[in-house]
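Topology and contacts: notes
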Amino acid sequence: MHPDIHLRLTEIRGAELREHADRWRATRDRRTTVSWRVGWTLVELGLRLVHRTPPHIQQI
């Protein structure tokens, strides 16, 4: 194969890989943000449930 052709094919493949990596990072960042929000919401809900006194244990 001619060196110029090989170089051009390598450049094209590199561009494709960079584009794929950028799309993957954008998707991962969005998922991370959503999972982070859901996780902290569950933690907050759990803390509220733990600090709430059940009705059958209330002091008389």
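What you are looking at is a predicted structure, and each value in this text was computed from that prediction instead of being measured. (Residues numbered from 1 in each chain as written. Predicted model: local features only at pLDDT ≥ 70, side-chain atom pairs only at ≥ 80, totals over all residues. Heavy atoms only, no water.)

1. Structural notes on the overall build of the chain
As a reminder of what qualifies: Helical segments are the DSSP runs of H or I of at least four residues, strand segments are the runs of E of at least two, and each set is numbered from the N terminus. Burial classes follow relative accessibility: with a 1.4 Å probe on protein chains only, a residue under 20% of its type's maximum area counts as buried, one over 50% as exposed, and anything between as partly exposed. Each accessible area is a Shrake-Rupley estimate made with a 1.4 Å probe; only the visible protein chains count as cover when residues are assessed.
Looking only at helices and strands, one finds one helix and zero strands in the chain. The buried share among the 60 residues of the chain stands at 2%. Roughly 6100 Å² of accessible area belongs to the chain as shown, and the carbon and sulfur atoms make up 62% of that amount.

2. Describing the pattern of salt bridges
Convention followed: Think of a salt bridge as a Lys or Arg side-chain nitrogen and an Asp or Glu carboxyl oxygen that are within 4 Å of each other.
If you walk through the whole model with that rule in mind, you get five salt bridges. Of the charged contacts, one joins glutamate 11 and arginine 8 as a salt bridge, the two residues approaching to 3.5 Å between their closest N and O atoms. With a gap of three residues between them, glutamate 11 and arginine 8 both fall in helix α1 (residues 3-51), about one helical turn apart. The exposure class of glutamate 11 is partly exposed, given its relative accessible area of 40%. A residue is classified by how much of its surface remains accessible, and arginine 8, at 48% relative accessible area, is partly exposed. The closest approach of N and O atoms between arginine 48 and glutamate 44, which form a salt bridge, is 2.6 Å. Of the two residues, arginine 48 and glutamate 44 are both situated in helix α1; the distance of four residues between them amounts to about one turn of the helix.

Worth remembering: the numbers are spatial, not functional.
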